[in-house]
Each structure stands twice: as C-alpha cells, then as structure tokens.
Amino acid sequence: MALAFGAPMGTVLTLSLQQNTSIFAPLEWVPSLAQFQLVLTDLYYLRIIAETLGIGVTVALMSAILGFPIALWLAKLPSQWRGIAVAIVLIPLLTNVVVRSVGLLLLLANGGPVSSLTGLNLLFTEAAVVIALVQVFMPFLIMALFDSLSSRDPRLDEAASSLGAGPCDRFLLVTLPLALPALRAGITIVFLLATTAYVSATLLGGKKVWVVGMLVYEEALLIQNYPLASALAMTLLMLCLAGTVVISALFRRLTPWLGAQETPPQSRSRFALLPRGLAGTLDRFGVWIGRVLFAVGLALLLLPLLFVLVNSVNDVPQATTAAWRGFTWKWYERILFDGSSYIDAAIISAQLGIVSALCAVLIALPAAFALVRYPSRAMGFTGTLFLLPLALPGIALALGVLKLLQVFVLLPPFMGLVLVHGVLIAPFTLIMLRAAVENMDVRLEEAAASLGANRLATFWYIVLPTITPAILASAIIAFLVSFGEVTVTAFLTTARLLTLPVRIYADVQFDVEPTVNAVSALVIIGTGLALVILNRFISLDRVWAR
C-alpha cells in the first residue's frame, strides 16, 4: 500500500523538480524550481489556480447548505425507512461521475427544464461546473453529517425545548454545534475533491471553464510536458493542504470545547441566543427555508439520474436533446445486440473492479484489526496514511503511475490500474471494516480461547462468520467505486484497455449518440441492484457508520 501510493507521489515530486521539459531529456538529480517558477509567475496559470480554488470553496459551501437538511432528514427517519432513504443518497454517490454529468447536460441544455423555467442558459458556464460538482460531491458531506446527527441524543432537543428554546435556537445552540466536527470533515472532503476534479468541469464547462485538473491532463497526455504537469499537480496539492489547514483553523475557533485545554465556561461557545424578534422570525420562516433547501438538494441529486433514464428510451437524434420525441428501445438494442464495444469496456471494468476490490479487502482487513486492537500513536499515524488517498489529488497519483508504467514497460497496464484502484478504494473498505471490528464482541473470542481453540480456529469459526457481512458489504462498495472511477483511470487506459466510464467520457466529448444515455441508464440500474444486494448483508444506513 505504501509502495503503491508513495512511489507515484515520489515520481511526481521528482518530475516537478526537473528543469528540462523535453520528453527525451535524461533525469536530472539536481533539483530545479524552474517549473514552479513558471507556474507561480504566469498570470494564465495563476488565474486558473485562483478560479479552481474559488470553485472548490463555492462547491463546499453550497454542499453544506443543501446537504445539511438532507442529513437532518435522514437522521430523523424511523429505522425501518432509513435504509431506503440512505439508498437515495448512495445511488448518486456510487454512480460514476460521467453518467451524472450526462444527466446534468440534459438538465441544463438549451430547451431543458432549467432554461425553460428560468430563461437562463447555464450550460458551459462556471455556474454549470459548480452545480455539477455539488451534485457529484455533496453525498460525501451528507453521509459525514448523517453519521454524526444520527448518533446524537434526541433528549438534548427535549431539554432545550423545556428551557424555552424555539426551533431556531435549538438548531443554532444544540444541533449545529454538535455537528460541527462532522461538518468540518465533510467540507474538507468536498473542497479537496472539487478542487482536484476535472471530468465534470470538462463536460459542463465545455472548455470555456478551465480548472487545474484539466491543465494537468492536457500537459501530461496531449503535450507530454511531464515536469510542468507535475509542478501543477504539486502546486495544487500544496494549496489543497493549505486549504485543509485554514478550514481546520476556522472550525477550531468555532469548537473551542473540543480542544485539549479547558477554557472558561463563558468563552466556550461562539453561539448565543438570538434576539427574541429575530429568533421569532427565523422560527416562523426557518422551517420553510429548510424544506426548500431540502427539496432543491434532493432534486439536484436525483433529477440528473432520472433524466438519463427517461432519455435512454427517447427517440432523439442526439444524446443531449432534452425534448421528448417518442418511445424507443433501439439504443439498448444497439448496445446489447449490435456488437457494441460498450460490452467489452464493461467486462474490463468488471474485471478491474473485482480484482481491485479483492486486493483492497485483503489489505484493509488486517489493517482494521491492527488499528482497533493495538491502538497507539504509530497506529493512528498508519490509519491516517491509509486515508490519505482520499485527501490528495488523484491526478497527481495517476500522473506518477503513468510515468512509472512508461519506465517499467514489463508491468502490464492492467496491473497498473489495479494498483491505482486499490489505493483509491482501500480507504472505503478500511472505514467499513474498522467499524465492523470495533463492534465485535471480544468476549466471544475469549470464550473460544478458554475452550482450547487456537488463534486460527478462533478466527475461522468465530471472527470470520461475524464480520463476513461487513466484508461482503465493503467488497461491493469497493467494486462500485472502482467500476465508476474515471478521474484517475482516464490517465492510464489504452485503446485495448478502455474501461466503461472512460469510454462514456470519450463518447460524451466527441460523439453524442443517445446510446450514451442507454449505457448510462444500465449503469444506474446496476448500481441500484448492487445496493439492494448489499442491503441484504448490512443495512445501508450502517455502511458508513464509524
């Protein structure tokens, strides 16, 4: 795991310190800051970096505003409905980003619902990119908040009500402060993912809106200027890390009670009771504002997928035509019966997903036991390293693996993809398996040991049956994440090794035949069925539980 993650990142760092940008130039061991100097002094690059960070901040804030009411709704639902409701969030989360971007193209296209209702043509603008990124990454923030809100004690609200606090005061003084640590984590994740994304920006921005990820992609794959691409990736990495420090500092000021040092009671809270008049007004309209935000957030999550499903049976000449022209199955027939290369790409994606998920589980399972059973500073540091791929730009990782595959030509490209996917999905499997190990009853193992069972027998007859549902659940989630991954995979695929999301991504850019909608609809349906199967092993509302 350390080698698969550290080697590509070390390669990118080495490349970023090269002075000669020629593709045939030998590796220089004397570091040079020439590429960083070019990036930090060129107004073109600086403008795109500033716009990328601005988009990341906007997406994080919008995700928090729209995602909070949805997380609150999930947390308040009765347990028998919570699994279905969580599926509503997980289906968009686990459906690949290209499919969701196709749905947003339909939603924002000329003649589509948004332009018809508002008269605004948002497609290929920065607003479209922000909307797309909120749709793609908001589920991460929702699930982080849901985990925190569902575990809080409902008696706190009752106690606040008994002391005369209205709905607005209860939200500001009880719910929001308790959710701030999870909100910080969610905002940080969304900021990092949105800042390093480029697929949605490419499709919804139409090359009129540029982000750093697009620059890295073009410099690496089209111009083959690896030193400059690496310097851009490393600059973005440094700015992302700086952004996380700023976010942590802001939230630390809002949550002084979480610090190690005690503070006087009067200075612990940054929140105070609102003036009675303002609180009364917010009590009156706050509920409706929350409902509107909830409806907008839910519509943003689901409408793109719904439009893809509807347009997959629409007899239109182009995939982005939003008007209904009549029912047809011919787009599905072309995919399934006319020898479409989509089938071959789907088979490659499935093979890659299965192997990567198996590797991720084999790596994460012993790591989960080590982190839970042997807590220490060293283990805490190791756990942080495991989660690092979630926080660092995937494009930097992809760039490093791409260069390594060019050097070590004997390593099959499929193995390179497995290595990258394993690194990317291992954090998801670790989170789920760690929760399962934490919830295990250790007394069962102690009882088995007292009856003479050795460690192997205890693991085989006691531990393994107990955590098998969690292993299957994590494997399914890992498979879905790997199957839908495109941001990193687009760097590494070849003509003979084209995965389904990359194939759809290429078709959306260069060919707009409605078969794209049909194959995207099949991906959505497949994701939904996988979640139904997953729900048989473990309730969906516990998938991302800590």
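Every residue gets a number counted from 1 within its own chain, in the order that chain's sequence is written. Owing to the predicted nature of the model, reporting of local features is limited to residues with pLDDT of at least 70; listing and counting of side-chain atom pairs is limited to 80 or more, with chain, interface and lining totals taken over all residues. Hydrogens are left out, water is left out, and the side-chain values use all remaining heavy atoms of the structure.

### What about the environment of Leu221?
Alright, step 1. Working definition: helices are DSSP H or I runs of at least four residues, strands are E runs of at least two. Numbering for both runs from the N terminus. If you trace the backbone, Leu221 turns up in helix α11 (residues 212-222).
Alright, step 2. Any residue under 20% of the maximum accessible area for its type is buried, any over 50% is exposed, and the rest in between are partly exposed; the area is computed with a 1.4 Å probe on protein chains only. With a relative accessible area of 25%, Leu221 lands in the partly exposed category.
Alright, step 3. Along the chain, Leu221 and Arg184 lie 37 residues apart, while their C-alpha atoms are 35 Å from each other.
Alright, step 4. Excluding its chain neighbours within four sequence positions, the residues that come into contact with Leu221 are Leu402, Ala490 and Phe491. Note on contacts: a residue pair qualifies if any of its non-hydrogen atoms lie within 4.5 Å across the two residues.

### Quick notes on helix α4 (residues 79-94)
Residues spaced three or four apart along an α-helix point in a common direction, a consequence of the helix completing one turn every 3.6 residues.
Alright, step 1. The terminal C-alpha atoms of α4, which comprises 16 residues, lie 22 Å apart, in line with the 22 Å expected from a rise of 1.5 Å per residue.
Alright, step 2. The term bend refers to the angle at a residue between two fitted axes, each drawn through seven residues, those ending there and those starting there. Along α4, the sharpest change in direction is near 30 degrees and occurs at Ile88; proline Pro92 comes one to four residues later. By this rule the span expected of a helix is its residue count minus one, scaled by 1.5 Å.

### A look at the packing of helix α3 (residues 43-76) against helix α12 (residues 226-254)
Alright, step 1. Note on definitions: angles span 0 to 180 degrees between N-to-C directions of axes, and those axes are lines fitted to C-alpha atoms, for helices only across the stretch in contact. Interaxial distance between α3 and α12 falls to 12 Å at its minimum, and their mutual angle equals 40 degrees. The orientation of α3 relative to α12 falls into the category oblique. α3 and α12 meet at a crossing whose hand is right-handed. Between α3 and α12, the residues in contact are Tyr45, Ile49 and Leu53 and Leu228, Leu232, Thr235 and Leu239, respectively.
Alright, step 2. Residue classes follow a fixed rule: Ala, Val, Leu, Ile, Met, Phe, Trp, Tyr, Cys and Pro count as nonpolar, while Asp, Glu, Lys and Arg count as charged, and any other residue, Gly among them, counts as polar. Looking at the contact of α3 with α12 residue by residue, the class counts come to 6 nonpolar, 1 polar and no charged. Roughly parallel here means an angle under 35 degrees, roughly antiparallel means over 145, roughly perpendicular means 65 to 115, and every remaining angle is called oblique. With the far helix as reference, a near helix turned anticlockwise by less than a right angle produces a left-handed crossing, and one turned clockwise produces a right-handed crossing.

### As for the side chain of Thr188
Alright, step 1. Inspection of the secondary structure puts Thr188 in helix α9 (residues 167-196).
Alright, step 2. Of the residues examined, Thr188 reaches a relative accessible area of 15% and is grouped as buried.
Alright, step 3. The contact partners of Thr188, leaving out residues within four places of it in the chain, are Thr244 and Ile247.

### Details of the packing of aromatic side chains
Alright, step 1. Only centres within 6.5 Å qualify two rings of Phe, Tyr or Trp (six-membered ring in Trp) as a pair; their planes then separate them into stacked at under 30 degrees, edge-to-face at over 60, and tilted for everything else. Taken as a whole, this structure holds 8 aromatic pairs when the rule is applied.
Alright, step 2. With centroids separated by 5.4 Å and ring planes inclined at 75 degrees, the aromatic side chains of Phe68 and Phe171 adopt a geometry described as edge-to-face. Of this pair, Phe68 sits in helix α3 while Phe171 sits in helix α9, and the two are 103 residues apart along the sequence.
Alright, step 3. Summarising the aromatic geometry, the rings of Phe369 and Phe459 are spaced 6.5 Å apart at their centres and angled 65 degrees between planes, so their arrangement reads as edge-to-face. Taken together, the residues Phe369 in helix α15 (residues 341-373) and Phe459 in helix α20 (residues 455-484) connect sequence positions 90 residues apart.
Alright, step 4. Residue class for Phe369 comes out buried when judged on its relative accessible area of 16%.
Alright, step 5. By way of ring pairs, the aromatic residues Phe327, Trp329 and Tyr332 are connected into one cluster.
Alright, step 6. We call a charge positioned over a ring when the NZ of a Lys or the CZ of an Arg lies within 6 Å of the ring centre and within 35 degrees of the ring normal. When the ring centre of Trp288 is taken as origin, the NZ or CZ atom of Arg291, which lies over that ring, is 4.7 Å away.
Alright, step 7. Its end group placed over the ring of Tyr342, Arg503 keeps NZ or CZ at 4.3 Å from the ring centre.

### Points about unusual backbone geometry
Alright, step 1. At Lys207, a position not held by glycine, the phi torsion is positive, near 65 degrees.
Alright, step 2. The residue Gln224 is not glycine, and still its phi comes out positive at about 60 degrees.
Alright, step 3. Relative to the assigned elements, Gln224 resides in the loop between α11 and α12.
Alright, step 4. A relative accessible area of 32% means that Gln224 is categorised as partly exposed.

### A short note on the packing of α3 against α11
For any two helices packed against each other, one specifies the inter-axial angle together with the distance between the axes.
Alright, step 1. Packing of α3 against α11 brings their axes to within 8 Å, and their N-to-C directions diverge by 130 degrees. Between α3 and α11, the crossing angle belongs to the class labelled oblique. Where α3 abuts α11, its residues Tyr44, Tyr45, Ile48, Ile49 and Thr52 lie against Val212, Leu215 and Glu219.

### A word on the nonpolar core
Alright, step 1. In plain words, nonpolar cores are sets of buried Ala, Val, Leu, Ile, Met, Phe, Trp, Tyr and Cys residues tied together by side-chain atoms within 4.5 Å. In this structure, Leu183 and Phe491 are the most contacted members of the largest nonpolar core, which totals 149 residues.
Alright, step 2. If you tally residues by element for this core, the top one is helix α7 (residues 126-150), at 15 residues.
Alright, step 3. Non-local contacts of Leu183, meaning those with residues more than four positions away in its chain, are made with Ala64, Phe68, Leu141, Leu145, Leu176 and Phe251.
Alright, step 4. The next biggest cluster of nonpolar side chains, apart from the first, holds 18 residues, and it includes Leu365, Leu371, Ile467 and Ile471.

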